[in-house]
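Spelled out, the chains give:
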Amino acid sequence: MAGETTITLAGNLVDDPELRHTGAGHAVAKFRIASTPRTYDKQSGQWQDGESLFMTVTAWRSLGENVAASIQRGARVVVVGTLRQRSYEDNQGVKRTVVEIEAEEVAPSLRNATAQVTKTTGNRQGGNSQQQPGGYGQQQPQYDQWNTNGPAY
């Protein structure tokens, strides 16, 4: 949507994604990541960690299902999403405000890891997605970059 604040954040998951379903049946995964800046100190010759930023991330529907099935605590990820601010009143009646990221994309960071991508098919409205190699069922086009059974270009 126009005028929204989009952010890209790289960090490590500090807990496993928690997958739930709304009353309407929509999947939603919630997890937290920590992003810690590092700078090189020339005098000591060592890397120094800065103060960590902890952000809660929400991923809806098939993205949430895929996140919950793919990543776990400790994984380094890259999240692209929209900053959301919400206010609420806690149990003691104190007004609180939190800032979270509503994810549009979540991907494993390949800086220090490898990944094998499997496309999913199924209900894009948040139903149970089924994973299939290539994501095209029986008919996989030869030019499909995800085609694991076709020729390598």
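Residues numbered from 1 in each chain as written. Predicted model: local features only at pLDDT ≥ 70, side-chain atom pairs only at ≥ 80, totals over all residues. Heavy atoms only, no water.

**Quick look at the pairing of strand β5 (residues 46-49)**
For clarity, the cut-off: Between any two strands, at least two bridges found by DSSP are needed for them to pair. We count a stretch as a helix when DSSP gives it H or I for four or more residues in a row; a strand needs E for two or more, and each element gets its number in order from the N terminus.
In terms of strand pairing, strand β4 (residues 38-41) meets β5 through four bridges, oriented antiparallel. Residue pairing in the sheet places Asp41 in a bridge with Gln46 of β5. In this antiparallel pair of consecutive strands, β4 and β5, the connection spans four residues, and Gly45 shows a positive phi of 75 degrees.

**Quick look at the nonpolar core**
Put simply, the rule reads: We define the nonpolar core as a collection of buried residues of types Ala, Val, Leu, Ile, Met, Phe, Trp, Tyr and Cys that are connected through side-chain atoms lying within 4.5 Å of one another. Each residue is assigned to one of three classes by its accessible area relative to the maximum for its type, calculated with a 1.4 Å probe on protein chains only: buried under 20%, partly exposed between the two thresholds, exposed over 50%. Residues are treated as being in contact if the distance between any of their heavy atoms lies within 4.5 Å.
In this structure, Phe31, Ile33, Val79 and Val106 are the most contacted members of the largest nonpolar core, which totals 15 residues. Discounting chain neighbours no more than four positions away, the residues touching Phe31 are Leu13, Asp15, Pro17, Met55, Thr56, Val57, Val67, Val79 and Val106.

**Section: the pattern of salt bridges**
Inclusion rule: By definition here, a salt bridge exists when the distance from a side-chain nitrogen of Lys or Arg to a carboxyl oxygen of Asp or Glu is within 4 Å.
For the coordinates displayed, the defined rule picks out seven salt bridges. The salt bridge partner of Glu4 is Arg84, with a shortest N-O separation of 3.2 Å. With a gap of 80 residues between them, Glu4 in the segment before β1 (6-13) and Arg84 in strand β7 (residues 76-89) connect regions that are remote in the sequence. The exposure class assigned to Arg84 is partly exposed, which follows from its relative accessible area of 31%. With a closest N to O distance of 3.1 Å, Glu100 and Arg86 form a salt bridge. On the criterion of sequence distance, the pair formed by Glu100 in strand β8 (residues 95-108) and Arg86 in strand β7 is long-range, its members being 14 residues apart. Residue classification places Arg86 among the partly exposed positions, given a relative accessible area of 38%. One continuous salt-bridge network, built from bridges that share partners, spans Glu4, Arg84 and Glu102.

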